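Residues per chain are reported as follows:
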Amino acid sequence: MFELDHDLAQDIVDRAMAILPYNVNVMDSQGLILGSGEPERINTRHEGAQLVLANGRVVESMRKRRFISKACSRESTCRCCSISA
């Protein structure tokens, strides 16, 4: 399995955010944020990603027409997307 490093993850974030009007986070297979549009979140755990990994499936809810993780404590600013385990 290919593992992302911080540099590649941040490059993916930077490129995605150049075309998307949202913050983007890239996590590893344990839910650790490797790259983010919010630098203070790098090397912290993403609660939504950890829930997805623990349950082995995507966990989504629709709130104000945005997909967000039910588990993420940062619901007002975080839009968790499909995360593959």
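In this report, the structure presented in the accompanying data block is examined. (Residues numbered from 1 in each chain as written. Predicted model: local features only at pLDDT ≥ 70, side-chain atom pairs only at ≥ 80, totals over all residues. Heavy atoms only, no water.)

Helix and strand counts for the chain come out as two helices and four strands. Going from the N terminus to the C terminus, the chain shows its helices and strands as α-β-β-α-β-β. Burial status across the chain gives 33% buried among its 85 residues. Taking the contacts inside the chain whose residues are at least 6 apart along the sequence as the reference set, 28% of them involve residues at least 24 apart. Of the roughly 5,600 Å² that the chain leaves accessible, carbon and sulfur atoms contribute 52%. (Helix = DSSP H or I, 4+ residues; strand = E, 2+ residues; numbered from the N terminus. Buried < 20%, exposed > 50% of the residue type's maximum accessible area, 1.4 Å probe, protein only. Contact = heavy atoms within 4.5 Å. Areas by Shrake-Rupley, 256 points an atom, 1.4 Å probe, with all protein chains shown as cover.)

Looking now at the pairing of strand S2 (residues 33-36). Here strand S1 (residues 25-27) pairs with S2 via three bridges, running antiparallel. Paired with Val26 across the two strands is Gly35, which belongs to S2. Taking the residues between adjacent antiparallel strands as the criterion, S1 and S2 are bridged by five residues, where Gly31 takes a positive phi near 90 degrees. (Pairing = 2+ DSSP bridges.)

Moving on, we get to unusual backbone geometry. Note: most peptide bonds trans; most residues except glycine with negative phi. Its identity is not glycine, yet Asn43 carries a phi of approximately 70 degrees, on the positive side. One can find Asn43 in the loop between S2 and helix H2 (47-55).

Counting seven residues, the largest nonpolar core is built from Ala9, Val13, Ala16, Val24, Val26, Leu32 and Leu34. The leading source of residues in this core is helix H1 (residues 6-19), at three residues. Discounting residues that sit within four places of it in the chain, Ala9 has contacts with Val26, Leu34 and Gly35. (Core = buried A, V, L, I, M, F, W, Y, C linked by side-chain atoms within 4.5 Å.)

With respect to the element layout, Ser36 can be found in strand S2. Judged by its relative accessible area of 2%, Ser36 falls in the buried class.

The next point concerns the pattern of salt bridges. The final tally for this structure, using the stated rule, is one salt bridge. Residues Asp11 and Arg15 are paired through a salt bridge, measuring 3.1 Å at the closest nitrogen-oxygen approach. Residue Asp11 and its partner Arg15 are both found in helix H1; the two are separated by four residues, about one turn of the helix. A residue is classified by how much of its surface remains accessible, and Arg15, at 60% relative accessible area, is exposed. (Salt bridge = Lys/Arg side-chain N within 4 Å of Asp/Glu carboxyl O.)

Together, Phe2, Leu8 and Ile12 line one region of the surface with nonpolar side chains, adding up to about 280 Å² of accessible area. For Ile12, a relative accessible area of 35% translates into the label partly exposed. (Patch = residues over 30% accessible without salt bridge, like charges linked within 9 Å, V, L, I, M, F, W, Y side chains within 5 Å.)

Any link to function would need more than the numbers given here.
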